[in-house]
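# Overview (structure and organization)
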Amino acid sequence: MTRSSADPRPNHSGKILLIIILIMGILIPACTSTEPPLISFRPTQPVTTQELIEIDPLATVTFQVEVPKSTPPGQPILLSILDEVTGLALNITRKEMQKIGDTTYSITLPFPVGANIKYRYARQDTFTAEEHTTDQRPVRYRLYGVDGPGIVHDVVSTWSDSSYSGSTGRIMGRVTNADDGTPIPNLLVAAGGAQTVTASTGDFLLEGLPPGLHNLVFYAFDGSYRTYQQGAVVAAQSTTPADIQLTPSPLVKLIFTATAPDGTLPAVPIRLAGNLVQLGNTFADLSGGMNTLASRMPTLTPLPDGRYALEIELPAGAFIEYKYTLGDGFWNSEYTQNGDFRLRTLTVPDKNSMIEDRIDNWGSSPNAGPVLFDLSVPPTTPDFDNVSIQFNPFSWTEPIPMWKLEEDHWVYMLYSPITKLEDFAYRYCRNDQCGRADDSLTPGANPPGRLMAISGGTQTVNDVVESWYWMQPEISFEMQETPEVKSRPASFIAGVELQSYYHPSFTPRLPITYKEIDNLQANSVFLSPTWTFTRQNPPVLESVTGKDQSWSDLTYSTEKAQAFELNVAYNPTPNFPTEMKEWWSSSPRDFPWWQVWFERYRNFILTFADKAQQDGASGLVLGGEWVSPALPGGKLPDGSPSGVPADAEKRWREIISEVRERYTGTLFWALPSSKDGINPPPFIEDLDQVYLLWSLPLTEQLDASPQELQDAAGQYLDSEVFLMDISLGMPITIAVAYPAADGSLQDCIAVVENNDENSCYNPKFLEPPYQDNPTVILDLEEQLSAYQALLYAINDRDWIDGLVSRGFYPPVELQDKSSSIHGKPSQTILGDWYRQFLPESPLEE
């Protein structure tokens, strides 16, 4: 662990005064413009959240829970009240329940009317055993909406130290708008400790629930619908139907004003952290038990009188929990006068209102902090990059953006929570991507980091990042002389496909990402939203919060790309809990299983068809290597029959027909290519274009010349792709991915294992979120050679209708081993070719 250069003296008022002067000189001008004032209206009756809390009526809620019969006797059963703003794992209030039956426990507590309680159950042993679902997944939380005095009945499936044995059932239904009957997508549905998200049709499925009475709850991530709940009885091996109608809530305009405590650095960003998606809640399980991200929170604006203000529209009647922060929901957030995390509550009024708050303190004490981190970064840091700081008091938490003073100079003042710490680790990274875009001193998922010892009073840490990991200061490769490039028609697809791995921190960076893609003179971007297979038997494919890009994030991503006049296409793919090959091989694949699989796939692709139509996406991609076992005559990865039903072709044609009914844009079929040839499915003529997945070996030699690589690419195009082009008469886009690793040209990533024997490494494990394998050799030039060979070959074949670079890592430039070209020489060469393929910019046409 690296020890930082913290000044041992307890007071550094001169240093901090200089920083304050710099902050005022650099940041304040941005806040003193001649633009109209932030506050566009003034309510007649300002209120404080403290007043609202006092006048909100309280109601008693009784929680009754049935625990497994195998629960050890004599161990307390706990009700855990959770705080998703601070962090589900970070500010838990546990209450011991009373035993009222052999396996039944109860507790009654008061809550504000209108509150949405997030909770779960635990058992106190020598450790705390948390409740799990029937398939051994941790219960994230249960929900209960307080609309008056009530009783909630729950059933615990199993504990974290045991497994579930018994039958299960399910709840299945649809949610529609009570005003017009339209389906409501993107609602959180919870019961029995399980959660899911409604599809575009409003349909939902909660699979694997234990028999018994459950509280079924519907919750809007943005508060746009009032929380609704009802009891639902689940029987073994049965389906409980639940068709629900909800009424949308109108938006009202709120102005939050806050008075900061004395000593708050002027003009530094104060953010509003809250339980809705608009307030930075990702509804994801993030690093260190956190759920909110600083980069996704709205920032208050400094006012001339020293206060801070935020104008925002929120749904009337929504229950919000929130706090003010100089960091996120945990770091540098506001505290009460008693030294506790402050969590404010508010039921949004039904008319425009002003909320006036006073922040007591940021949680520091004279004996511990604050700590000023003063950082210099290398001049090679990209101009539009942000620098982040990440802390590790017990595990690595989510990164926080630092404050930029001037070129290559960043600072951050840490106030809390450090009063009970003797020391902690920290590190720096770019664009919140700690674990990938790291300081070269502290790379990887779980490094020791730099060590900060708390010595009491104000401390200053002076650090220097000498270089960034996966960023070489200078890269020089011999580029092939560009031939006469033949321009292509406007219909030619010059595109980039973003990788399917998703993290909520990617979204705030997307405007910069699309600017970089636009600078390539690309005209198209392919987005790769995902759902996740959460169960194998029966197969359940559903949207998982935080792991799969949310409905609202996909809309935001699409709109930002379209703002650069980029054509947007969706290429939806699934996340598998294990290796895709293993998942298929270990599935039952009997007739009932296939029936369910096709229904789940239909729900999946129709949701993205609806989404593509709604957002104005120009293309939608079906197929891909992952569906190969489900195609007519399908085979498993080992070549054995998959057992797909004999009517598979009919099923696929019906799905495509349904997609056509919902979506009017271009339909692509993602078709794998291999050295053994290309095998289009029999129904491919029902699609519009071929999206040919290309990662083919171009040589078996280690020293092949550029001409030999180009010839190899051209030979495959002529012998396989051209024949398919003639046969199908469909436009063909080449979708290329080559890792920047030794062996990618041979389709065998070299890795040295035991006994110094070479074996091939799965290129999937070079992509995020997988960590680096040091036995794989970085080779940026090999990726560049593959792109140059393919570009030369495509240039001579005007019957090819497009080229897309796959695997683009959106949040940051990295010269790593993945297939992403972001920040690599391949990005430069691709931009040179795109500008000549399409000499007129889309913005100039």
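First, a word on what this report is: a plain description of the structure on this page.

### Some words on the overall build of the protein chain
If you tally the helices and strands in the protein chain, you get ten helices and 47 strands. Relative to its length of 845 residues, the protein chain is compact, with a C-alpha radius of gyration of 28 Å against a globular reference of 28 Å. Each of the 845 residues in the protein chain was classed as buried or not, and the buried ones make up 58%. Counting contacts in the protein chain only where the partners sit at least 6 residues apart, residues at least 24 apart contribute 76% of the total. In the form shown here, the protein chain has an accessible surface area of approximately 33700 Å², with 50% of it arising from carbon and sulfur atoms. Across the protein chain, 57 positive and 105 negative side-chain charges occur, with their mean positions spaced 6 Å apart.

### Concerning the environment of Ser 160
Its place among the elements puts Ser 160 in the loop between strand 12 (158-159) and strand 13 (169-177). Residues within four places of Ser 160 in sequence aside, it is in contact with Ala 129, Glu 130 and His 132.

### Comments concerning the state of the cysteines
Covalent bonding between the sulfur atoms of two cysteines is what defines a disulfide. Evaluated as defined, the whole model comprises two disulfides. Disulfide pairing places Cys 429 opposite Cys 434 at an S-S distance of 2.0 Å. Measuring the twist about the S-S bond at about -75°, one finds the Cys 429-Cys 434 disulfide to be left-handed. For the residue pair Cys 429 and Cys 434, the accessibility class agrees, reading buried in each case. Looking at the protein chain, its bonded cysteines, counted consecutively from the start of the sequence, adopt the pairing 1-2, 3-4.

### Description of the packing of aromatic side chains
Under the defined criterion, the tally for this structure stands at 62 aromatic pairs. For the ring pair Phe 765 and Tyr 770, a centre distance of 4.8 Å and an interplane angle of 85° mean the geometry is edge-to-face. The exposure class assigned to Phe 765 is partly exposed, which follows from its relative accessible area of 23%. Note on Tyr 770: relative accessible area 32%, which makes it partly exposed. One residue, Arg 427, lies across the ring of Trp 396, its end atom 4.9 Å from the ring centre.

### Details of the sheet that holds strand 3 (residues 58-66)
Read from one edge of the open sheet, four strands run 6-7-3-11, paired in mixed fashion. What marks the edges here is a single partner per strand, and that holds for strand 6 (98-99) and strand 11 (150-155). Where strand 6 lies against strand 7 (residues 104-112), two bridges are found, and the strand directions are antiparallel. Looking at the pairing, Lys 99 lines up with Tyr 105 of strand 7.

### What to know about the side chain of Gln 521
Locating Gln 521 in the fold gives a position in the loop between helix 3 (510-519) and strand 36 (524-527). Classification of Gln 521 by relative accessible area gives buried; the value is 11%. Among the polar contacts listed, one links the side chain of Gln 521 to the backbone oxygen of Pro 839, at a separation of 3.5 Å.

### Describing the sheet that holds strand 42 (residues 666-672)
One closed barrel holds the eight strands; their spatial order is 35-36-39-41-42-43-44-47, and the pairing between them is parallel. Shown here is a sheet whose adjacent strand axes are inclined to one another by a mean of 25°, direction ignored. Looking at chain direction, strand 35 (residues 493-498) and strand 47 (residues 802-808) are connected through five bridges and run parallel. Note on strand 47: the bridge partner recorded for Ala 494 is Leu 803. Contacts between helix 3 and the sheet are confined to strand 35, strand 36 and strand 47, with strand 35 contributing the most and set at about 150° to the helix. Contacts from helix 6 (residues 591-615) reach strand 39 (567-570) and strand 41 (619-623) within the one sheet, and its direction differs from that of strand 41 by about 170°.

### Some words on the nonpolar core
Trp 597 and Trp 694 are the most contacted members of the largest nonpolar core, which has 95 residues in total. Counting residues per element, this core draws most heavily on helix 6, which supplies eleven residues. Not counting chain neighbours up to four residues away, the residues in contact with Trp 597 comprise Phe 533, Pro 539, Trp 583, Trp 584, Trp 626, Ala 630 and Trp 652. Formed by 73 residues, the second largest nonpolar core is a distinct cluster that contains Leu 265, Val 268, Ile 270 and Trp 403.

### Overview of the pairing of strand 3
Looking along a regular strand, one sees side chains alternate from face to face of the sheet. Across nine bridges, strand 3 lies against strand 7 in antiparallel orientation. Opposite Gln 64, over in strand 7, you have Ser 106 as the bridge partner. Judged from the six bridges that link them, strand 3 and strand 11 form a sheet pairing that is parallel. Along strand 11, the bridge assignment pairs Gln 64 with His 153.

Conventions and cut-offs
- Residues numbered from 1 in each chain as written.
- Predicted model: local features only at pLDDT ≥ 70, side-chain atom pairs only at ≥ 80, totals over all residues.
- Heavy atoms only, no water.
- Helix = DSSP H or I, 4+ residues; strand = E, 2+ residues; numbered from the N terminus.
- Rg over C-alpha atoms; globule rule 2.2 N^0.38 Å.
- Buried < 20%, exposed > 50% of the residue type's maximum accessible area, 1.4 Å probe, protein only.
- Contact = heavy atoms within 4.5 Å.
- Areas by Shrake-Rupley, 256 points an atom, 1.4 Å probe, with all protein chains shown as cover.
- Lys, Arg positive; Asp, Glu negative; His and termini not counted.
- Charge placed at Lys NZ, Arg CZ, Asp CG, Glu CD.
- Disulfide = S-S within 2.5 Å.
- Phe/Tyr/Trp six-rings, centres within 6.5 Å; stacked < 30°, edge-to-face > 60°.
- Lys NZ or Arg CZ within 6 Å of the ring centre and 35° of its normal.
- Pairing = 2+ DSSP bridges.
- Polar contact = N/O pair within 3.5 Å; in protein donor to acceptor, adjacent residues only side chain to side chain.
- Axes fitted to C-alpha atoms, helices over the stretch in contact; angles between N-to-C directions.
- Core = buried A, V, L, I, M, F, W, Y, C linked by side-chain atoms within 4.5 Å.

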